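If you want the building blocks of each chain, they are given just below.
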Amino acid sequence: MFDHVEAFHRPRSIPEAVRLLRLKGRGARVVAGGTDVIVQADREIRALVDITGLGLDYIRKNGDGWAIGATATMSSVANSAAMRAFAAGIIAAAAATCGSVQLRNMATVGGNLANASPAADLAIPLLALDATAVAAGERGRRGMPLADFFTGPGKTSLDGRLLVEVLIPLPPRGRTGWSFQKLGRTEVDISLVSLAAGLQLDAKGRVKFARIAMGAVGPMPLRARAAEQTLAGHALDENLIGAAAAAAAREAQPISDLRASAEYRRDMCGALTARALRECARQAGCSL
Amino acid sequence: MNTMEIHLQVNGESKRWSIAPGDLLLDVLRREGYFGVKRGCERGECGACTVLLDGKAVNACLMFAAQADGREILTIEGLAQGDRLDPLQEAFLDHGAVQCGFCAPGMLLNARALLMSNPDPTEDEVRDALSGNMCRCTGYVKPVEAVLAAARAYRRRSKAARTGGAR
Ligand SMILES: Cc1cc2nc3c(=O)[nH]c(=O)nc-3n(C[C@H](O)[C@H](O)[C@H](O)COP(=O)(O)OP(=O)(O)OC[C@H]3O[C@@H](n4cnc5c(N)ncnc54)[C@H](O)[C@@H]3O)c2cc1C
Ligand code: FES
Ligand code: FES
């Protein structure tokens, strides 16, 4: 399958990795866990650049928020006590739903984002939490909002640069709730729809802050901005949740494939939005 | 074709292999005679190719062999201690958890990794851990029972070791 590969590189530093990627150009491919690279079996690959020796497998505090290194595995995120506590554990929950144990031991957070599948599960909570993707190129490091990172199915704005880490700011505090929901065909299958929501309520039970992000219902992981606007400023109750769910379903741009029809995905997008918002309300102490 | 060398430990033995840079770990292990590493779906879905890499279960079909350089691999060939079967293997036999046996190496190794990190798993935890191992014969009930029984056997063994190896 990979008989045309001429070299396997194991750079020891970020500058070395960046240099190798430029030198080898289009025939070079970054390998982190390899779980997408191998299944995709692209015959154009001439050089593999293994980035697991760069010390990017950390999960650590960054100011008030967190930094997750690009090569942190799904297992390490799912099992991290910090990630299980942060934002009601939605990042860890998403990591825990990625494939099987074996897959999670290899698959990385950076690979999940850089692969830019519309169904990339880690992208969903990270989008909802306003995460920043940090990329390293020959002219240094640059951060960009994750919402600008994805540009189409399998496409990112990385443009040959290395994704180094994702930064997650401290979310609003007080009466808040966060929820991650995933609908899959089986335990280990990729998502039919995945969705993350976050809410902050004021003392009167009005929505001060709302985030909804959804996966597998468009060309890339998406924020449901109209649904978020539907919520903002209004008192949270079942009617409002219904309106937000309908807005999210309208915003979704699903396609039909062998896993599910577009209609089903759209319906489920609404259902998961409502489910997620009810969970957020419960955590925020709102009885609806 | 270009080749490169990798050094690794397989079942406790030091190996130095010459590989092509694009070789997959599954192909190299089978080429070197570890036929207990089964070739199934070759896309990470069936778990038949599961091996332990530094103690963690991974799919050998989803790894480049070069990624195993400097690491330690356990295949099913290395699970028994000489003629003495591992408690997991005993339990699979006792519970009739092996029919055609194609899934068994992967299930056993994945279960081994589970029991090393979680000596007293619930049935749900066992089912969750084995969700990446497909079995077309047993219907999973017996493998799950066998893993739970093996967990008890492992715990008895480590308790015996702790109480000063009293015979
Ligand atoms: C059986 C199976 C089940 C799966 N289930 C799920 C699931 O439930 N949910 C889900 O979201 N995904 C799933 N996946 C997809 C995949 O496992 C994930 O996307 C995984 O996180 C990819 O990470 P990796 O480290 O293996 O990526 P790799 O395969 O190493 O890389 C993926 C892509 O990103 C590039 N890349 C990797 N890291 C970087 C970096 N730091 N900078 C720049 N480019 C980089 C690579 O060049 C490649 O193009 C599944 C895959 C399989 C085979
Ligand atoms: S052969 Fe590797 S998971 Fe099926
Ligand atoms: S015993 Fe036949 S596949 Fe499991």
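Not measured: the values here are computed from a predicted model.

Rules and cut-offs
Residues numbered from 1 in each chain as written. Chains lettered and ligands numbered in written order. Predicted model: local features only at pLDDT ≥ 70, side-chain atom pairs only at ≥ 80, totals over all residues. Heavy atoms only, no water. Helix = DSSP H or I, 4+ residues; strand = E, 2+ residues; numbered from the N terminus. Rg over C-alpha atoms; globule rule 2.2 N^0.38 Å. Buried < 20%, exposed > 50% of the residue type's maximum accessible area, 1.4 Å probe, protein only. Areas by Shrake-Rupley, 256 points an atom, 1.4 Å probe, with all protein chains shown as cover. Lys, Arg positive; Asp, Glu negative; His and termini not counted. Charge placed at Lys NZ, Arg CZ, Asp CG, Glu CD. Contact = heavy atoms within 4.5 Å. Buried area = accessible area lost by both parts, 1.4 Å probe. Salt bridge = Lys/Arg side-chain N within 4 Å of Asp/Glu carboxyl O. Polar contact = N/O pair within 3.5 Å; in protein donor to acceptor, adjacent residues only side chain to side chain. Nonpolar A, V, L, I, M, F, W, Y, C, P; charged D, E, K, R; others polar. Near = heavy atom within 4 Å. Pairing = 2+ DSSP bridges. Axes fitted to C-alpha atoms, helices over the stretch in contact; angles between N-to-C directions. Phe/Tyr/Trp six-rings, centres within 6.5 Å; stacked < 30°, edge-to-face > 60°. Lys NZ or Arg CZ within 6 Å of the ring centre and 35° of its normal. Domains from an automatic or database assignment.

Caption draft 1: Geometry of the overall build of chain B. When its secondary structure is counted, chain B shows five helices and five strands. Helices and strands in chain B line up, N terminus first, as β-β-α-β-β-β-α-α-α-α. Scaling as 2.2 N^0.38, a compact globule of 167 residues should have a C-alpha radius of gyration of about 15 Å, and chain B matches this with 17 Å. A principal-axis box enclosing the C-alpha atoms of chain B has dimensions of 55 × 40 × 25 Å. Classification of the 167 residues of chain B by burial places 50% in the buried group. As displayed, chain B offers around 8100 Å² of accessible surface, 47% of which is attributable to carbon and sulfur atoms. With 21 positive and 21 negative side-chain charges, chain B shows a spacing of 4 Å between the two charge centroids.

Caption draft 2: Structural view of the interface of chain B and chain A. Taken together, the contacts link 26 residues of chain B with 27 residues of chain A. When the buried surface of chain B facing chain A is broken down by residue, L62, F64 and Q67 of chain B rank first, second and third, together holding 28% of it. One can count one salt bridge joining chain B with chain A. The salt bridge involving R10 of chain A is made with D69 of chain B; its shortest N-O contact spans 3.0 Å. Across the contact surface, chain B and chain A share seven residue pairs in polar contact (both at pLDDT 80 or more). Contributions of two or more residues to the side of chain B that touches chain A are made by β4 (56-59) and α4 (123-129) of chain B. Broken down by element, the residue count for the side of chain B that touches chain A peaks at four residues, all from β4 of chain B. Its residues placed into classes, the side of chain B that touches chain A shows 12 nonpolar, 10 polar and four charged.

Caption draft 3: Just the site of ligand 1, in detail. In the vicinity of ligand 1, 39 residues are found, and the nearest of them are V30, G33, T35, D36 and T108 of chain A. With respect to ligand 1, its neighbouring residues span chains A and B. Interatomic distance of 2.8 Å between a backbone N/O atom of V37 of chain A and an oxygen atom of ligand 1. For ligand 1, the accessible surface in isolation is 980 Å², of which the surrounding protein chains cover 92%. Sorting the residues of the shell around ligand 1 by element identifies β2 (28-31), α2 (35-40), α7 (109-115) and β10 (162-168) of chain A as the ones contributing at least two each. With five residues, the top contributor of residues to the shell around ligand 1 is α7 of chain A. For the shell around ligand 1, the per-class residue count stands at 20 nonpolar, 11 polar and eight charged.

Caption draft 4: Helix α2 (residues 87-94) of chain B, seen in detail. All names here are of chain B. Among the residues of α2, P87, L88, Q89, A91 and F92 are the ones counted as buried. Contacts from the buried residues of α2 go to α3 (104-117) and α5 (141-162). Capping of α2 at its N-terminal end is provided by D86; its side-chain oxygen lies 2.9 Å from the backbone amide nitrogen of L88. Following α2 by one or two positions, G96 adopts a phi angle in the positive range, close to 60 degrees.

Caption draft 5: Examining the sheet that holds β10 of chain A more closely. All names here are of chain A. With respect to topology, five strands assemble into an open sheet ordered β4-β5-β10-β6-β7, the strand pairing being antiparallel. The sheet is open, and its two edges are formed by β4 (59-62) and β7 (140-145), each paired on a single side. Within the sheet, the average angular offset between the axes of one strand and its neighbour, ignoring direction, is 25 degrees. Bridging between strand β5 (residues 65-69) and β10 involves four bridges; their strand directions are antiparallel. Residue pairing in the sheet places W66 in a bridge with I168 of β10.

Caption draft 6: Summary view of the sheet that holds strand β11 (residues 175-184) of chain A. All names here are of chain A. Strand order in the open sheet made by the four strands is β11-β12-β13-β14, with antiparallel pairing throughout. In the strand order of this sheet, the two ends are held by β11 and β14 (222-223), each with one partner. Where strand β12 (residues 191-201) and strand β13 (residues 207-215) come together, eight bridges link them in antiparallel fashion. If you follow A197 over to β13, its bridge partner there is I212. Of the strands in this sheet, β11, β12 and β13 are in contact with helix α12 (residues 262-283), which crosses β12 at around 35 degrees.

Caption draft 7: Structural view of the packing of aromatic side chains. Applying the stated criterion to the full structure yields five aromatic pairs over all chains. Look at F2 of chain A and F64 of chain B: their rings are 5.1 Å apart centre to centre, the planes differ by 75 degrees, and that puts the pair in the edge-to-face class. Of this pair, F2 of chain A sits in the segment before β1 (7-9) while F64 of chain B sits in the loop between β4 and β5 (72-74), placing the two residues on different chains. F2 of chain A sits in the buried class, given a relative accessible area of 5%. Aromatic rings pair up to connect F2 and F8 of chain A together with F64 of chain B into one cluster. Seen from the ring of Y58 of chain A, R60 of chain A lies directly overhead, with NZ or CZ sitting 3.7 Å from the centre.

Caption draft 8: The arrangement of the domain arrangement of chain B in detail. All names here are of chain B. As far as domains go, chain B holds domain 1 (4-78) and domain 2 (87-160). Relative placement of domain 1 and domain 2: their C-alpha centres are 21 Å apart. Scanning the region where domain 1 abuts domain 2 turns up zero salt bridges. Our count for the contact surface shared by domain 1 and domain 2 stands at three residue pairs in polar contact (both at pLDDT 80 or more). Here the element with the most residues in the side of domain 1 that touches domain 2 is strand β3 (residues 50-53); it accounts for three residues. By residue class, the composition of the side of domain 1 that touches domain 2 is seven nonpolar, six polar and three charged.

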